[in-house]
Amino acid sequence: MFPFTYTRPTSTPDALAAGASGGRYIAGGTTLVDLMRQTVERPDSVVDIAGLPLGGITATRGGGLRIGALVSMSDAARHRLVRTAYPVISQALELSASPQLRNMASIGGNVLQRTRCTYFRDVTAACNKREPGSGCAARGGWNRTHAILGTSEACVATHPSDLAVALIALDATVHLAGVDGARRVALGDFLLPPGTTPDREHDLRPGELITAVEIPAHPRPLSSGYLKVRDRQSYEFALTSAAVVLHIADGVIRTARVAAGGVGTVPWRLHAVERELVGRRPSPPLWERAARHAADGARPLTHNGFKTGLLERTVERQLRTVGGLR
Ligand code: SF4
């Protein structure tokens, strides 16, 4: 290990001041502690925000939902409002990590968690995300679990969060606070694809903190669900996943939101699939036809070509589950 200072502020302004001075925030610690042990991250100062008043799950006046950044994954997953109104969130959370980790990890931390690319976590390997300009060992290495969508020459790592896939499908926003004030950013704009700067993973300004995520109101009735495909049935990251959110009224699909995980450098919204669905009547041929667009634009690597077909089948199966008419 290496030396670092540890502080535990009890007010948000005190935490933001410490963050603005270069402190690295920690909440549940389920990502950062691992990365510090592996010396992938070596902060001089760690600011423990677990005692801040950033909890609570509340319905918003507009008919949406606000989840505090420090709510644990397990508390969010079993909350009545989440389970009844947005099962896609509960399911994504319950298919993540292990029960022990879900008890510790926070909603804000889950969105910000860093990639599971093994080369990123091996400090002897070339990795542009960890050390800009050093190269990408995954491109010529073992890349079976890596991304097929949103990749760049610099980086092909997947975003590991299941929750973020569900939130992207629900058009969620993140609430941010910093010493210069508060702001809100659509999650789809907040998480950044690698481009030429894979070390820059999100639109978080120095010292800023996620205070909450907000799901906007959606037309009712709303059907939603999350399907995750992985190498084993527990404590494993997605090879592919699909979050499907449908508003069907008078027998017609009025709105469709579909996002994929395990395949993109960021949670990947499947707009071509959505376009195929909206305005049409649910039917098995429609699910199949729409799902054929799931991997549009994919650029497979040496070992992950199987993900294109697997993604199409994952999306089709989840459309059948959420939309009915299997
Ligand atoms: Fe690093 Fe990204 Fe390449 Fe993995 S895929 S080694 S995270 S640059």
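Procedures and definitions
Residues numbered from 1 in each chain as written. Predicted model: local features only at pLDDT ≥ 70, side-chain atom pairs only at ≥ 80, totals over all residues. Heavy atoms only, no water. 1 Å grid on protein atoms, 1.4 Å probe; cavity = no way out; pocket = protein on both sides within 12 Å on 5 of 7 lines; lining within 4 Å. Points joined across faces, edges and corners; volume = space filled by probe spheres on them. Nonpolar A, V, L, I, M, F, W, Y, C, P; charged D, E, K, R; others polar. Domains from an automatic or database assignment. Near = heavy atom within 4 Å. Sits in = over half its atoms within 2 Å of the grid points. Buried < 20%, exposed > 50% of the residue type's maximum accessible area, 1.4 Å probe, protein only. Helix = DSSP H or I, 4+ residues; strand = E, 2+ residues; numbered from the N terminus. Arc of directions from axis to C-beta. Contact = heavy atoms within 4.5 Å. Polar contact = N/O pair within 3.5 Å; in protein donor to acceptor, adjacent residues only side chain to side chain. Pairing = 2+ DSSP bridges. Axes fitted to C-alpha atoms, helices over the stretch in contact; angles between N-to-C directions.

Engineer: Explain the layout of surface pockets residue by residue, including any values.
Structural biologist: Approximately 420 Å³ is the volume attributed to the second largest pocket. Along the wall of the second largest pocket there are 25 residues; nearest its centre are Arg-116, Thr-145, Thr-158, Glu-236 and Phe-237. Broken down by class, the residue content of the lining of the second largest pocket amounts to 9 nonpolar, 10 polar and 6 charged.

Engineer: Account for the domain arrangement of the protein, with residues named and values stated.
Structural biologist: As assigned here, the protein comprises domain 1 (1-51) and domain 2 (223-323). Placing a centre on the C-alpha atoms of domain 1 and another on those of domain 2 gives a separation of 37 Å.

Engineer: Quick one: what's the story with the site of the ligand, residue by residue and with numbers?
Structural biologist: Around the ligand there are 15 residues in total, and Cys-117, Cys-127, Cys-136, Cys-155 and Val-156 lie nearest to it. The cavity that encloses the ligand is the second largest cavity. Broken down by class, the residue content of the shell around the ligand amounts to 12 nonpolar, 2 polar and 1 charged.

Engineer: How would you sum up helix H1 (residues 12-20)? Please name residues and give values.
Structural biologist: Listed as buried for H1 are Thr-12, Ala-15, Leu-16 and Gly-19. Around the axis of H1, the buried residues are gathered within 100 degrees of arc, so they sit on the same side. Looking at the packing, one finds that the buried side of H1 touches strand S2 (24-26), strand S3 (45-48), strand S6 (173-178) and strand S8 (209-215). Of the residues that open H1, the one with a side-chain oxygen 3.2 Å from the backbone nitrogen of Asp-14 is Ser-11. Phi for Gly-22, located one or two positions after H1, is positive at around 110 degrees.

Engineer: A description of empty space enclosed by the protein should follow, citing residues and the corresponding values.
Structural biologist: Under the definition given, this model contains 2 cavities of 30 Å³ or more. One number sums up the size of the largest cavity: a volume of about 150 Å³. Lys-129, His-159, Leu-192, Glu-201 and Thr-265 are the residues nearest the centre of the largest cavity, which is lined by 19 residues in total. Of the residues assigned to the lining of the largest cavity, the class counts are 10 nonpolar, 6 polar and 3 charged. A volume near 90 Å³ is recorded for the second largest cavity. Around the second largest cavity, the lining is made up of 17 residues, and of these Cys-117, Cys-127, Cys-136, Cys-155 and Ala-157 lie nearest the centre.

Engineer: An account of unusual backbone geometry is requested, with residue identities and associated values reported.
Structural biologist: In this structure, Pro-221 follows Arg-220 across a cis peptide bond, with omega equal to 0 degrees. Positionally, Pro-221 belongs in the loop between S8 and strand S9 (223-229). Of note in this structure, Asp-250 is not a glycine but carries a positive phi near 50 degrees. The residue Asp-250 is located in the loop between strand S10 (240-249) and strand S11 (252-261) in this model. Asp-250 gets classed as exposed once you look at its relative accessible area, which sits at 69%.

Engineer: Go over the sheet that holds strand S1 (residues 5-7), please, and point to the residues and values.
Structural biologist: The sheet built from 3 strands is open, its strands ordered S1-S3-S2 with parallel pairing. The open sheet terminates on both sides in strands that have one partner only, identified here as S1 and S2. Taking each pair of neighbouring strands and ignoring which way they run, the sheet shows an average axis angle of 25 degrees. Sheet topology note: the S1/S3 ladder contains 3 bridges and is parallel. Residue pairing across strands places Tyr-6 opposite Val-46, the latter belonging to S3.

Engineer: How would you summarise the sheet that holds S10 if you had to cite specific residues and measurements?
Structural biologist: The sheet built from 4 strands is open, its strands ordered S9-S10-S11-S12 with antiparallel pairing. At either margin of the open sheet sits one strand with a lone partner, and together these are S9 and strand S12 (268-269). Across 2 bridges, S11 lies against S12 in antiparallel orientation. Following the sheet pairing, Ala-260 is matched in S12 by Trp-268.

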